[in-house]
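Tertiary structure, described
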Amino acid sequence: LERVVKNNPKDENVHAFLQKAYISLEDLDKALKLQDRLDSIRGYNEESAMQRYRLNMLLGDTRRAIYEIERYLDNDPENYQFQVFRLQLYEQTKQPQKKMIEAYEAVLKFDSRNLMLLNNLAWNLCISGGDLKRAEELSRITIMSEPSNPIYLDTYAWIMYHMEDYESALFYIQRAMAYETAETSKEIKMHYKKIKRKQK
């Protein structure tokens, strides 16, 4: 196949077939390098960006995977799938709050009623010293929709704490404690202690 590719430098199908062979043999560096040649034949597009993203993820290079996603979004900012990939990578690599907020905002344009996204955006606005009024509005939607969700209640309580409404913060953190799970217990209890201190 490599010989065939060398003899047919402009044949897209032959290059794509060789790339598949490299991937099946787990020779991912060669598969990634071949993508440059494929792009020189057919041009850089969504398929190319997706392949680069996947190959870098398989190689464990999340930094480069993020670069490829961001690069494509510069060309096509309305691509929902790539916006979701970017958000997932940012969450996975614990990117700075500013980048997280930008990523949540972008995905919410397409999925404005997604409670998890609303909660996470509200949380990031809160802990980054962002717009607390907006954080409260977003978080309020989540607790009205799921009034027994301890994560959403905890977020709302923590926003109230940062807004210095300690009475409301205590009320909502106590509600969060009433519904807490083993997974959420530690953080909720930590927030409860901090809020409780403000009652003295």
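As a reminder, the structure under discussion sits directly above these lines.
Thresholds, definitions, all that
- Residues numbered from 1 in each chain as written.
- Predicted model: local features only at pLDDT ≥ 70, side-chain atom pairs only at ≥ 80, totals over all residues.
- Heavy atoms only, no water.
- Helix = DSSP H or I, 4+ residues; strand = E, 2+ residues; numbered from the N terminus.
- Expected span 1.5 Å × (residues − 1).
- Buried < 20%, exposed > 50% of the residue type's maximum accessible area, 1.4 Å probe, protein only.
- Contact = heavy atoms within 4.5 Å.
- Core = buried A, V, L, I, M, F, W, Y, C linked by side-chain atoms within 4.5 Å.
- Polar contact = N/O pair within 3.5 Å; in protein donor to acceptor, adjacent residues only side chain to side chain.
- Salt bridge = Lys/Arg side-chain N within 4 Å of Asp/Glu carboxyl O.

Taking 1.5 Å per residue, 15 residues should reach 21 Å; helix 3 (residues 28–42) reaches 21 Å between its end C-alpha atoms and fits that length. The set of residues buried in helix 3 consists of Leu28, Ala31, Leu32, Leu34, Gln35, Leu38 and Asp39. Where helix 3 is buried, its residues contact helix 2 (12–24) and helix 4 (46–58). Among the residues trailing helix 3, Gly43 stands out with phi positive, at a value near 90°.

The next subject is the nonpolar core. Formed by 45 residues in total, the largest nonpolar core has its most connected members in Tyr53, Ile69, Phe82, Leu87, Leu121, Ile173 and Ile195. For Leu87, the residues in contact, after removing those within four places along its chain, are Met100, Ala103, Tyr104, Val107 and Leu117. Grouped together as the second largest cluster of nonpolar side chains are nine residues, Val5, Val14, Tyr22 and Leu34 included.

This paragraph deals with the environment of Lys133. Inspection of the secondary structure assignment puts Lys133 in helix 9 (residues 132–145). Given the relative accessible area of 54%, Lys133 is considered exposed. Note: C-alpha distance between Lys133 and Leu58 (75 residues apart in sequence) is 41 Å.

Let us look at the side chain of Asn149. In this fold, Asn149 is placed in the loop between helix 9 and helix 10 (150–162). For Asn149, a relative accessible area of 16% puts it in the buried group. A distance of 3.2 Å separates a polar atom in the side chain of Asn149 from the backbone nitrogen of Tyr152.

Here the focus is the pattern of salt bridges. Within this structure, the stated rule accounts for 14 salt bridges. Between Arg52 and Asp36 there is a salt bridge, with the nearest N and O atoms lying 2.7 Å from each other. Of this pair, Arg52 sits in helix 4 while Asp36 sits in helix 3, and the two are 16 residues apart along the sequence. Looking at Arg52, the relative accessible area reads 6%, which means it is buried. Here Glu68 and Arg71 are joined by a salt bridge, their closest N and O atoms 3.3 Å apart. Highlighted residues: Glu68 and Arg71, both in helix 5 (residues 62–75), separated by three residues, approximately one helical turn. Residues joined by salt bridges that share partners form a network here, namely Glu2, Asp27 and Lys30.

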